[in-house]
Amino acid sequence: MRYFLELAYNGKNYFGYQIQPNQISVQEVIEDRLSKLLRKKISIVGAGRTDAGVHAKKMFVHFDYDEKLNNDLIKKLNSFLPKDVAVYRLFLMDNEAHARFDATSRSYNYFISPFKDPFAFDSAWIFNRELNVEKMNEAAKLLIKQGDFGSFAKLHTDVKTNICDVREAFWRKNENGQLIFQITADRFLRNMVRAIVGTLVEVGLGKISIQDFEEIIEQKQRSSAGASAPAQGLYLVDVQYPKELFKNEFK
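The rules we used
- Residues numbered from 1 in each chain as written.
- Predicted model: local features only at pLDDT ≥ 70, side-chain atom pairs only at ≥ 80, totals over all residues.
- Heavy atoms only, no water.
- Axes fitted to C-alpha atoms, helices over the stretch in contact; angles between N-to-C directions.
- Helix = DSSP H or I, 4+ residues; strand = E, 2+ residues; numbered from the N terminus.
- Parallel < 35°, antiparallel > 145°, perpendicular 65-115°, else oblique.
- Left-handed = near helix turned anticlockwise from the far one by under 90°.
- Contact = heavy atoms within 4.5 Å.
- Nonpolar A, V, L, I, M, F, W, Y, C, P; charged D, E, K, R; others polar.
- UniProt positions renumbered as here; feature names shortened; annotations may be inferred.
- Salt bridge = Lys/Arg side-chain N within 4 Å of Asp/Glu carboxyl O.
- Buried < 20%, exposed > 50% of the residue type's maximum accessible area, 1.4 Å probe, protein only.
- Arc of directions from axis to C-beta.
- Pairing = 2+ DSSP bridges.

Kindly report on the packing of helix α1 (residues 26-38) against helix α2 (residues 72-80), identifying the contributing residues and their values.
At a minimum axis separation of 10 Å, α1 and α2 run at an interaxial angle of 125 degrees. With respect to their mutual orientation, α1 and α2 come out oblique. As for the relative orientation of α1 and α2, their crossing is right-handed in sense. Contacts between α1 and α2 involve R33, L34, K36, L37 and L38 on the former and, on the latter, L73, K76, L77 and F80. The class makeup of the residues in the contact of α1 with α2 is six nonpolar, no polar and three charged.

Below is the structure:
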């Protein structure tokens, strides 16, 4: 039987979601705890991969297990997981359901704090230079399309295509005065959001124009774009699936 788990994690202490040799990862921690609880080697498949230091407020994974499970698994797993990883919901799925391939979109938020904040140094980019948010939003609109985003992709990865369908991209402020970038697409390339944020900040500083930003997109060369924004400000905040997939949630 195939199960989906909805979970969240603070990525500060992890070398990303995916298992890495000689490094601690979110995937490794979850697989280890699940395997011990269920007394069987369990492998999980995630909806995506987050880089080292990146957080997730809403992530899905799937795993296979022959016996019937119920909501007790969530309580037991949460008591067994470290404090920076939490499981929220458990679903029994059709055997063909896939956490990665069935996802229709993913959304990220990036947080910039415009002032020194002792409570946000590991959860936002502390950046106290004045930014032109209006121009940053104007440039962000150029991202909303289906196209090649190679200019914002990490070099030397194993992806077959840099084509992504970006459906929304905009900046807003929250009640704490933080600047938040929100972006949604069908898929993301490694380091893509952080590279986009770093380049949009250059627009906000007046270092590059909106026309320059458009040309950077069209050049499809990572060397054309700005430096990547720090990892701690980035959060995976949503993963969407066809509603018909989720038939059986354990209450």
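So, next bit.
Account for the UniProt feature "active site" (unreviewed entry) in the chain, with residues named and values stated.
Sites flagged by UniProt as "active site" (unreviewed entry) map to D51. Inspection of the secondary structure assignment puts D51 in the loop between β2 (45-46) and β3 (55-64). Beyond its immediate chain neighbours, meaning those up to four positions away, D51 contacts G16, R190, N191 and R194.

Describe the pattern of salt bridges, naming the residues involved and giving the relevant values.
It is possible for side chains bearing opposite charge to pair when their charged atoms get close. This structure, assessed with the given rule, holds 11 salt bridges. The partner of R2 in a salt bridge is D64, with the nearest N and O atoms 2.8 Å apart. In this pair, R2 sits in strand β1 (residues 2-9) while D64 sits in strand β3, placing the two residues 62 residues apart along the sequence. Looking at R2, the relative accessible area reads 13%, which means it is buried. Ionic pairing is found between K36 and D32, a salt bridge with its closest N-O pair at 3.4 Å. Taken together, the residues K36 and D32, both in helix α1 and four residues apart, mark about one turn of the helix. Judged by relative accessible area, D32 falls into the partly exposed class, the value being 27%. When salt bridges that share partners are traced, they join D32, R33 and K36 into one network.

Go over helix α5 (residues 210-219) with me, naming the residues and quoting the values.
For α5, every residue scored as buried is listed here: F213, I216 and I217. Around the axis of α5, the buried residues are gathered within 100 degrees of arc, so they sit on the same side. Buried-residue contacts for α5 involve α3 (133-140), β7 (146-148) and α4 (192-205).

Can you explain the pairing of strand β4 (residues 85-93)? Please cite residues and give values.
Two faces make up the sheet, and in a regular strand the side chains alternate between them. Pairing geometry for β1 and β4, over eight bridges, is antiparallel. The residue bridging R2 from the neighbouring strand is M93, located in β4. With two bridges connecting them, β4 and strand β11 (residues 248-249) associate as antiparallel partners. Paired with F91 across the two strands is E249, which belongs to β11.

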